Amino acid sequence: MSRPATIITGLLVSGAILYQFRAELSSDMRQVRNQLNDVQNRLAGSVPGSKISNALTSHPTASILEKPKEMIEESTTYIQSRVLPSVKDTWNSHVIGLAENVNELDAEKIQKMAKDVKDKWL
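In this report, we go over the structure that sits alongside the text. Note that the structure is a prediction, hence the values are computed from the model and not measured.

1. Focus on the overall build of the chain
A tally of helices and strands in the chain yields five helices and zero strands. In sequence order, the chain lays out its α and β elements as α-α-α-α-α. In the chain, buried positions account for 2% of the 122 residues. Working note: accessible area of the chain is about 11200 Å², and carbon and sulfur atoms make up 62% of it.

2. Focus: a nonpolar patch on the surface
Taken together, the side chains of Tyr-78, Ile-79, Val-83, Leu-84 and Val-87 present a nonpolar region at the surface, about 440 Å² in accessible area. Of note, Ile-79 is situated in helix H4 (residues 68-104). On the accessibility criterion, Ile-79 (40% relative accessible area) is partly exposed.

The rules behind these values
Residues numbered from 1 in each chain as written. Predicted model: local features only at pLDDT ≥ 70, side-chain atom pairs only at ≥ 80, totals over all residues. Heavy atoms only, no water. Helix = DSSP H or I, 4+ residues; strand = E, 2+ residues; numbered from the N terminus. Buried < 20%, exposed > 50% of the residue type's maximum accessible area, 1.4 Å probe, protein only. Areas by Shrake-Rupley, 256 points an atom, 1.4 Å probe, with all protein chains shown as cover. Patch = residues over 30% accessible without salt bridge, like charges linked within 9 Å, V, L, I, M, F, W, Y side chains within 5 Å. Salt bridge = Lys/Arg side-chain N within 4 Å of Asp/Glu carboxyl O.

Here's what the structure looks like:
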């Protein structure tokens, strides 16, 4: 075969492969959207008062791309209202426990024990 015929054949074959790949990809996307829709419907039916929207099934990234500021504000609110107080309470309880243990220590007894260990081992 001549060079132009080889190039044309290659372009036709690659075009057919790309067309088939695109068709399979769109079919897979339809199946994923259908599965998301089914899960969304089941979730909406099982959770009372849920605020699930159709944005997930209409375009998977639409809700994320349209509202990044709102998501950041929600995350900030969650961290400030739930995570920080929890960490703060845990930290405070550990510090209070440490302070109570330090207050209960008998310094003279510890010094005597340290001297006994020193005399025994050195």
